[in-house]
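Chain by chain, the residues run as shown.
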Amino acid sequence: HSLKQKRSLVRPVIAELRRRFDVAVAEAGHVELHRRSLIGVAAIAADAPHVREVLDACERLVAGRPELELLSARHRILGPDDD
């Protein structure tokens, strides 16, 4: 598997996340590894439950792609008092 093949799988997922959920998303790690990718998603909203809903939906979209295997997902919610 080449890096071009990997990116041909990752790019459409990133584009669909941006289009469908209006979030900031990027391939954020493991860019030089052939069989692994880290996709970062960021969302901003007035209330934390809405952000959780959006991030959960993004996770479901990635997990539902048959050509990908979701190994793990983490959520981190930052509030106005966090640095």
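Relevant structure appears above.
Residues numbered from 1 in each chain as written. Predicted model: local features only at pLDDT ≥ 70, side-chain atom pairs only at ≥ 80, totals over all residues. Heavy atoms only, no water.

Draft legend 1. Quick peek at unusual backbone geometry. With a phi close to 55°, aspartate 22 is a non-glycine residue in the positive phi region. With respect to the helices, strands and loops of the structure, aspartate 22 is situated in the loop between α1 (3-21) and β1 (24-29). Taking the relative accessible area as the measure of exposure, aspartate 22 reaches 70% and is therefore exposed. (Helix = DSSP H or I, 4+ residues; strand = E, 2+ residues; numbered from the N terminus. Buried < 20%, exposed > 50% of the residue type's maximum accessible area, 1.4 Å probe, protein only.)

Draft legend 2. Structural context of the pattern of salt bridges. The full count for this structure, using the stated rule, is four salt bridges. Between glutamate 27 and arginine 7 there is a salt bridge, and its shortest N-O distance comes to 3.9 Å. Taken together, the residues span a long stretch of sequence, with glutamate 27 in strand β1 and arginine 7 in helix α1 at a distance of 20 residues. Note that glutamate 16 is salt-bridged to arginine 65, the shortest N-O span being 2.8 Å. Note that glutamate 16 is positioned in helix α1 and arginine 65 in the segment after α2 (48-63), a separation of 49 residues in sequence. (Salt bridge = Lys/Arg side-chain N within 4 Å of Asp/Glu carboxyl O.)

Draft legend 3. Quick look at α2. Here α2 spans 22 Å end to end across 16 residues, near enough to the 22 Å set by a 1.5 Å rise per residue. Taken together, the buried positions of α2 are Val51, Val54, Leu55, Ala57, Cys58, Leu61 and Val62. For α2, the arc enclosing every buried residue in end-on projection is 155°, short of the 170-degree limit, so these residues lie on one face. Turned more than 90 degrees from where α2 packs its buried face, Glu53 and Arg60 sit exposed. If you follow the buried residues of α2, they end up packed against α1 and β2 (38-42). (Expected span 1.5 Å × (residues − 1). Arc of directions from axis to C-beta. Contact = heavy atoms within 4.5 Å.)

Draft legend 4. Structural view of the environment of glutamate 27. Between the alpha carbons of glutamate 27 and valine 41 there is a distance of 9.0 Å; along the sequence they are 14 residues apart. With sequence-adjacent residues up to four places away left out, glutamate 27 is seen in contact with Lys6, Arg7, Val10, Ile14, Ser37, Leu38 and Ile39. Side chain to side chain, glutamate 27 and serine 37 meet in a polar contact 3.1 Å long. (Polar contact = N/O pair within 3.5 Å; in protein donor to acceptor, adjacent residues only side chain to side chain.)

Draft legend 5. Representation of the nonpolar core in the model. Counting residues in hydrophobic clusters, the biggest one holds 10 residues: Val10, Val13, Ile14, Leu17, Val23, Val25, Val54, Cys58, Leu61 and Val62. Contributing elements (two or more residues each) for this core: α1 and α2. Once residues within four sequence positions are removed from consideration, cysteine 58 is found in contact with Leu17, Phe21, Val23 and Val41. (Core = buried A, V, L, I, M, F, W, Y, C linked by side-chain atoms within 4.5 Å.)

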